[in-house]
Amino acid sequence: DVKVTQSSRYLVKRTGEKVFLECVQDMDHENMFWYRQDPGLGLRLIYFSYDVKMKEKGDIPEGYSVSREKKERFSLILESASTNQTSMYLCASSLPLLAGGPHEQYFGPGTRLTVT
Amino acid sequence: AQTVTQSQPEMSVQEAETVTLSCTYDTSENNYYLFWYKQPPSRQMILVIRQEAYKQQNATENRFSVNFQKAAKSFSLKISDSQLGDTAMYFCAFSGTYKYIFGTGTRLKVLA
């Protein structure tokens with residue numbers, strides 16, 4: 001079974017703090033993703049990575065950065081947390097795009113972040 | 001730009017009944033893939049079903065099936081013999097490459 005784990009289920013931080021959200025997958029997947037999930041807005045892609053040290057911006061990268069130093073780990077960083085970053089954050093991983101098309105994404109349990 | 005629209009924010013169905021969740025999308029691409037994902041309360045999101053756009057035949061996975069209408073850009077999910085465990089948020093998603101575009105979700109409640 002593919003397992004994607006996230007460092008915290010719930011997190012409360014203060015405005016201006018630097019926040020690290022960690023994601024680890026155990027299936028040697030090349031692709032990893034960070035999404036933000038908000039009611040009525042669905043899932044929106046923040047950043048993704050298709051290889052170690054490689055990253056690309058998604059649809060809403062402002063206020064976030066990422067790090068992928070090892071294949072299994074993908075970190076999301078909020079440099080200076082703000083209240084509008086209060087949300088559910090989902091990490092996902094998948095095999096690379098091949099001739100068979102995009103593969104299934106495997107999701108972590110999510111981190112519900114509250115910024116006060 | 002591609003978009004995915006789920007026009008039903010919430011639905012309910014009686015146990016053992018059939019329910020259909022709607023999804024429409026917009027794209028100018030010809031080769032793409034469509035997905036339905038399920039997010040049970042407080043649990044991880046999992047894939048329900050996947051459809052390749054070049055395939056005419058609708059995908060089926062046990063009690064879950066899709067009605068894929070390429071010309072109409074419609075991709076609905078039918079759940080037959082609904083079970084209490086089907087209660088979840090359902091997301092429709094589109095992908096032409098490695099990026100997914102998700103709809104806003106439909107919250108389905110199965111009633112005993």
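In what follows, the accompanying structure is described. These numbers were taken from a predicted model, which means no experiment stands behind them. (Residues numbered from 1 in each chain as written. Chains lettered and ligands numbered in written order. Predicted model: local features only at pLDDT ≥ 70, side-chain atom pairs only at ≥ 80, totals over all residues. Heavy atoms only, no water.)

**Some thoughts on the overall build of chain B**
A tally of helices and strands in chain B yields zero helices and twelve strands. N-terminal to C-terminal, the α/β element order of chain B is β-β-β-β-β-β-β-β-β-β-β-β. The principal-axis extents of the C-alpha atoms in chain B amount to approximately 40 × 25 × 20 Å. Summed over all atoms, the accessible surface of chain B reaches about 5600 Å², with 44% contributed by carbon and sulfur. (Helix = DSSP H or I, 4+ residues; strand = E, 2+ residues; numbered from the N terminus. Areas by Shrake-Rupley, 256 points an atom, 1.4 Å probe, with all protein chains shown as cover.)

**Looking at the interface of chain B and chain A**
Residue-level contacts link 18 residues of chain B with 26 residues of chain A. Carbon and sulfur atoms make up 56% of the area that chain B and chain A hide from each other, which totals about 1800 Å². Counting every contact that joins chain B to chain A gives zero salt bridges. Our enumeration of links across chain B and chain A arrives at three residue pairs in polar contact (both at pLDDT 80 or more). The set of elements that each furnish at least two residues to the side of chain B that touches chain A consists of strand E5 (33-39), strand E6 (46-52), strand E10 (88-95) and strand E11 (100-102) of chain B. In terms of residue class, the side of chain B that touches chain A is built from nine nonpolar, seven polar and two charged. (Contact = heavy atoms within 4.5 Å. Buried area = accessible area lost by both parts, 1.4 Å probe. Salt bridge = Lys/Arg side-chain N within 4 Å of Asp/Glu carboxyl O. Polar contact = N/O pair within 3.5 Å; in protein donor to acceptor, adjacent residues only side chain to side chain. Nonpolar A, V, L, I, M, F, W, Y, C, P; charged D, E, K, R; others polar.)

**Structural notes on the packing of aromatic side chains**
Residue and element names in this part refer to chain B. Scanning all chains against the criterion turns up 18 aromatic pairs over all chains. Measuring from centroid to centroid gives 5.9 Å for Tyr37 and Tyr100, while their planes differ by 65°, and the two rings are edge-to-face. One end of the pair, Tyr37, is in strand E5; the other, Tyr100, is in strand E11, and 63 residues separate them in sequence. When sorted by exposure, Tyr37 lands in the same class as Tyr100, which is buried. (Phe/Tyr/Trp six-rings, centres within 6.5 Å; stacked < 30°, edge-to-face > 60°. Buried < 20%, exposed > 50% of the residue type's maximum accessible area, 1.4 Å probe, protein only.)

**A few points about the sheet that holds strand E1 (residues 4-6) of chain A**
All names here are of chain A. Ordered in space as E1-E3-E8-E7, the four strands form an open sheet in which the pairing is antiparallel. Where the open sheet ends on each side, the last strands, each with one partner, are E1 and strand E7 (64-70). Strand-to-strand twist of the sheet, defined as the mean angle between neighbouring strand axes without regard to direction, takes the value 20°. The pairing of E7 with strand E8 (residues 73-78) spans five bridges and is classified as antiparallel. The residue of E8 that forms the bridge with Ser67 is Ser75. (Pairing = 2+ DSSP bridges. Axes fitted to C-alpha atoms, helices over the stretch in contact; angles between N-to-C directions.)

**As for the pairing of strand E8 (residues 64-69) of chain B**
Residues and elements named next belong to chain B. With two bridges joining them, strand E7 (residues 60-61) and E8 adopt antiparallel strand pairing. When the sheet's bridge partners are listed, Thr60 is paired in E8 with Ser65. Following E7, the chain reverses through two residues before pairing antiparallel with E8; Asn62 in that reversal takes a positive phi of roughly 55°. In the sheet, E8 pairs with strand E9 (residues 74-79) via six bridges, with the strands oriented antiparallel. Paired with Gln69 across the two strands is Ser74, which belongs to E9.

**Some points on the state of the cysteines**
What is meant by a disulfide is a covalent connection between two cysteines, made through their sulfur atoms. A full pass over the atoms with the stated rule returns two disulfides over all chains. The partner cysteine of Cys23 of chain A in its disulfide is Cys91 of chain A, sulfur to sulfur 1.9 Å. Of note, the bridge from Cys23 of chain A to Cys91 of chain A carries an S-S torsion of about -75° and is left-handed in sense. A residue pair is termed long-range when its members are at least 10 positions apart, and Cys23 of chain A in strand E3 (residues 19-25) and Cys91 of chain A in strand E9 (residues 87-94) qualify at 68 residues. One exposure class covers both Cys23 of chain A and Cys91 of chain A, and it is buried. Here Cys23 of chain B is linked by a disulfide to Cys92 of chain B, with a sulfur-sulfur distance of 2.0 Å. (Disulfide = S-S within 2.5 Å.)

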